[in-house]
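# Breakdown of the fold
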Amino acid sequence: MKVLVVGANGQIGKHLVSFIQDSDSLEAKAMIRKQEQADFFENLGADTAVVDLEQDIDAIAKAAEGVDAIVFTAGSGPHTGKDKTIMVDLDGAVKTVEAAKAAGVKRFVMISSFDTRREAIQAAPESFAPYVAAKHYADKWLKGTDLDYTIIHPGILTNDKGTAQVNAGVEVERGEIPREDVARVVVASLENENTIGKEFQLVAGSVPVKEAIRSI
């Protein structure tokens, strides 16, 4: 299975491409914003496509040609304004979903936020509410398609070394999760069809990743 990683140069994205390239059944194509980011991925043996998420759907669809799955792990980051949150976390995600449809790619994995229910928008701090709202509507758009989707809702992301052990479920207690382990869970989700049509929350835990994903 060839996988287009959108947001490959992000912290989860780099782990994800590395793990995909180490997999026996998966192969990565890294979608990046700048050509100078390509060396990291080419050194891993991964193909690259230079596309800015603020370009049109056709540009993203062209990058998706010939792949079997798309993972959306892009984000505007914590230090940008509401405008970038809308253009990347919402519109970028929606355009990627539409690009998947245009390119005939059925499998789609979305890295979302821990809780994107309507109630979470209302409860979020003022500075965080736009991000939760963007993720809410991006998730809703994906669920309204006929794509074979999986939506992963990770807890507070850290750069700690992953343990390959997690707690995953429809609803789990809020907590932290190393980005490295989020990437491991994406790989396991791609390799396990029982995650299709499902969404789940994810934090650090004591269950091995593959076992946790089999139980979803």
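Residues numbered from 1 in each chain as written. Predicted model: local features only at pLDDT ≥ 70, side-chain atom pairs only at ≥ 80, totals over all residues. Heavy atoms only, no water.

### Describing unusual backbone geometry
Here is the rule: Every helix listed is a DSSP run of H or I at least four residues long, and every strand listed is a run of E at least two residues long, numbered separately from the N terminus. Categorising residues by exposure relies on relative accessible area from a 1.4 Å probe, with only protein chains included: less than 20% of the type maximum marks a residue as buried, more than 50% marks it as exposed, and the intermediate range marks it as partly exposed.
Even without a glycine there, the phi angle at Ala164 is positive, about 65 degrees. The topology assignment puts Ala164 in the loop between β7 (156-158) and β8 (165-169). The exposure class assigned to Ala164 is partly exposed, which follows from its relative accessible area of 27%.

### So, the environment of His15
Definition in use: Two residues qualify as a contact provided that any one of their heavy atoms is within 4.5 Å of a heavy atom in the partner residue.
Along the chain, the position of His15 falls in helix α1 (residues 11-22). Given a relative accessible area of 29%, His15 falls into the partly exposed group. If we ignore the near neighbours within four places in the chain, the residues touching His15 are Arg179, Glu180 and Ala183.

### Remarks on the sheet that holds strand β10 (residues 198-204)
What counts, and what does not: Strands qualify as paired when DSSP identifies two bridges or more between them. Helix axes are fitted only over the stretch in contact, all axes being lines through C-alpha atoms; the angle between N-to-C directions runs from 0 to 180 degrees.
Pairing in this open sheet of nine strands is mixed, and the strands run β3-β2-β1-β4-β5-β6-β10-β8-β11 from one edge to the other. At either margin of the open sheet sits one strand with a lone partner, and together these are β3 (47-50) and β11 (207-208). One ladder, built from two bridges, connects β8 with β11; its direction is antiparallel. If you follow Val166 over to β11, its bridge partner there is Val207. Where α1 meets the sheet, its contacts fall on β1 (2-6), β2 (27-32), β4 (69-72) and β5 (107-111), and the angle it forms with β2 comes to roughly 155 degrees. Helix-sheet contacts for helix α7 (residues 179-191) involve β1, β4, β5, β6 (148-154), β8 and β10, and the interaxial angle to β5 is about 160 degrees.

### Things to note about the layout of surface pockets
For the record, the criterion: In this analysis a 1.4 Å probe is tested at points of a 1 Å grid over the protein atoms alone, and where it fits but cannot get out there is a cavity; an open set with protein on both sides within 12 Å along at least five of seven lines is a pocket; lining residues have an atom within 4 Å of a point. Grid points are joined across faces, edges and corners, and a volume is the space filled by probe spheres set on the points. Just so you know the grouping, Ala, Val, Leu, Ile, Met, Phe, Trp, Tyr, Cys and Pro go in nonpolar, Asp, Glu, Lys and Arg go in charged, and all remaining residues, Gly too, go in polar.
In this model, the second largest pocket occupies a volume close to 240 Å³. Ranked by the residues each element gives to the lining of the second largest pocket, the list is headed by helix α6 (residues 129-143), at four residues. The residue inventory of the lining of the second largest pocket, partitioned by class, reads three nonpolar, four polar and seven charged.

### Notes on the pattern of salt bridges
Put simply, the test is: Counted as salt bridges are all cases of a side-chain nitrogen of Lys or Arg within 4 Å of a carboxyl oxygen of Asp or Glu.
If you walk through the whole model with that rule in mind, you get 13 salt bridges. The salt bridge involving Arg117 is made with Glu171; its shortest N-O contact spans 3.9 Å. Here Arg117 is found in the loop between β5 and α5 (118-123), whereas its partner Glu171 is found in the loop between β8 and β9 (176-178), with 54 residues between them in sequence. Its relative accessible area of 43% is what places Arg117 among the partly exposed residues. A salt bridge links Asp181 to Arg184, with the shortest nitrogen-to-oxygen separation between them at 2.8 Å. Of this pair, Asp181 and Arg184 both sit in helix α7, three residues apart, which is roughly one turn of that helix.

Just geometry here; none of it tells us what the structure is for.
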